[in-house]
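# Overview (structure and organization)
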Amino acid sequence: MNLDRLPALWADLSRHPTSLLVALGAAIAVLGLGFFAYRLLFALLSRAARATRTSLDDLLIRRMRLPARLLVALLALHTFIALRGAELPTLHKGVLLLELALASYLAIEIAETMVIDYWLAERRKVQLPALVRHLLLTILYLVAGLSIVGAVTGVDLVPLLATSTVITVVLGLALQDTLGNLFAGLALHSERSFGVGDWILVDGIEGQVVYVGWRSTRLRTFSGDIVILPNSIIAKARVQNFCAPDRTCARNIEMLVALDAAPEAVERAAQRAYAQVPDILREPPPRLWLAAVTPLFQRYVIKFWIADFERHDLLESELMRAFFRACRDEGVALSPAAAQPGLAVDPRILDPRAAVDPTAAPVVLPAIVAVPAAPAPAAVSGKLDAGPPRQQGRSAEPLPER
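The rules behind these values
- Residues numbered from 1 in each chain as written.
- Predicted model: local features only at pLDDT ≥ 70, side-chain atom pairs only at ≥ 80, totals over all residues.
- Heavy atoms only, no water.
- Pairing = 2+ DSSP bridges.
- Helix = DSSP H or I, 4+ residues; strand = E, 2+ residues; numbered from the N terminus.
- Axes fitted to C-alpha atoms, helices over the stretch in contact; angles between N-to-C directions.
- Patch = residues over 30% accessible without salt bridge, like charges linked within 9 Å, V, L, I, M, F, W, Y side chains within 5 Å.
- Areas by Shrake-Rupley, 256 points an atom, 1.4 Å probe, with all protein chains shown as cover.
- Salt bridge = Lys/Arg side-chain N within 4 Å of Asp/Glu carboxyl O.
- Buried < 20%, exposed > 50% of the residue type's maximum accessible area, 1.4 Å probe, protein only.
- Polar contact = N/O pair within 3.5 Å; in protein donor to acceptor, adjacent residues only side chain to side chain.
- Contact = heavy atoms within 4.5 Å.
- Phe/Tyr/Trp six-rings, centres within 6.5 Å; stacked < 30°, edge-to-face > 60°.

### Focus: the sheet that holds strand β3 (residues 216–220)
Sheet architecture is open: 5 strands sit in the order β4-β3-β2-β1-β5, paired in antiparallel fashion. In this open sheet, the two strands that pair with only one neighbour each are β4 (226–230) and β5 (239–241). Here the average twist between neighbouring strands, direction ignored, is 40°. One ladder, built from 4 bridges, connects strand β2 (residues 205–212) with β3; its direction is antiparallel. Directly across from Tyr211, in β3, lies its bridge partner Arg218.

Here is the structure:
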């Protein structure tokens, strides 16, 4: 059989329409053969998929079944329309567009699964960012759609869109912010500044990254709210990633102790506090250092490491409570007012009407807050406990009569 004559025979059949029964019988035959080939092909693919270790092929087969069935049905309809000749030209072009669109969809899905999911993700261990993946798929589908429309209708749309100044200007102005966010998102993905699940601080907002899209990034704050930040703002802002380079995060808390507290006692209290909070990492070990000494108190800084930034508030609170209890057991006062034995006060402040000797010594008041675990201080003597305080700035005496 000379196969070179098949195109000429098909063209001759297209120019001379066949009867309705012949066209319908041919369409049914194509439909039957197509479904037979469909079942045979997918049976072989399923058997091959069971022999592999990856589950991507099973997922791909499930995603290809419905488009393949639609493609077989469209081929049967195409056969019927072609045998009927030029009676239905518009329907013929529509069916051809659908056929090419389904074939392009299947080809792109196969390429995406084999290249991105299997070869890059499973074999090379390279996770392509979702934004880059969506951009590549959009470009592929756009090129395929324009090519299909141009091939079926005979109109080349690519030069038309590229040379149209009006369309270019309108799209540029309308998509200015969108394109800015898109390219900012691409820059963030290429630099890998953060990813989904990381805790970041950006523009004064602290939260966990739950989604990174084309236009924006979504953060879940500690209160459970969702904050949507445009990618262009994130690209310009200062971003602090609490989960980079790894999930281990260091935290600092400041504690004020009495001026007369011995550093050795504070160190023992800190060691006891570390032991009471088991969720604090022991490697690297927690640290304590004296940061400043003022006339009223000593300022110590405790640095420790945690494995989950989401719990930093809870762990900081537990460590401060444990440090407070340990300082009380060690006899270390935490109140800056307890750092001095007393406070010198001018007697005229206590009673402005009292006759005070200018050469008299200032009155010394006891400390407002005593050392923890010590007995409660006695009541302040003198005119302070002689009733409620006087009104500030005005005399309590009655006005003289006129």
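And the narrative resumes.
### Re a nonpolar patch on the surface
Nonpolar side chains collect at one region of the surface, where Ile110, Met114, Val115 and Trp119 lie side by side and expose about 350 Å² of accessible area between them. Counting through the fold element by element, Val115 comes out in helix α4 (residues 89–123). You can call Val115 partly exposed: its relative accessible area is 41%.

### Brief notes about the side chain of His78
Topologically, His78 is positioned in helix α3 (residues 56–83). Classification of His78 by relative accessible area gives buried; the value is 19%. A polar atom in the side chain of His78 sits 3.0 Å from the side chain of Glu99. In this view, His78 contacts His92, Val95, Leu96 and Glu99; residues no more than four positions away in its chain are not counted.

### Considerations on the side chain of Arg251
Along the chain, the position of Arg251 falls in strand β6 (residues 249–258). The exposure class assigned to Arg251 is buried, which follows from its relative accessible area of 18%. Within the structure, Arg251 has its side chain in polar contact with the side chain of Glu316 (distance 2.9 Å). If sequence neighbours within four positions are ignored, Arg251 has contacts with Phe242, Ile302, Lys303, Phe304, Ile306, Phe309, His312 and Glu316.

### Describing the packing of aromatic side chains
All chains considered together, the criterion is met by 6 aromatic pairs. Ring geometry for Phe35 and Tyr38: centres 6.3 Å apart, planes at 85°, overall edge-to-face. Residue Phe35 and its partner Tyr38 are located together in helix α2 (residues 20–50), separated by 3 residues, close to a single helical turn. Look at Phe222 and Phe309: their rings are 6.1 Å apart centre to centre, the planes differ by 50°, and that puts the pair in the tilted class. Of this pair, Phe222 sits in the loop between β3 and β4 while Phe309 is found in the loop between β8 (297–306) and α11 (312–330), placing the two residues 87 residues apart along the sequence. Looking at Phe222, the relative accessible area reads 35%, which means it is partly exposed. On the basis of relative accessibility, which here comes to 1%, the residue Phe309 falls in the buried class. Every member of this aromatic cluster is reached through a ring pair, and the members are Trp199, Phe222, Phe242 and Phe309.

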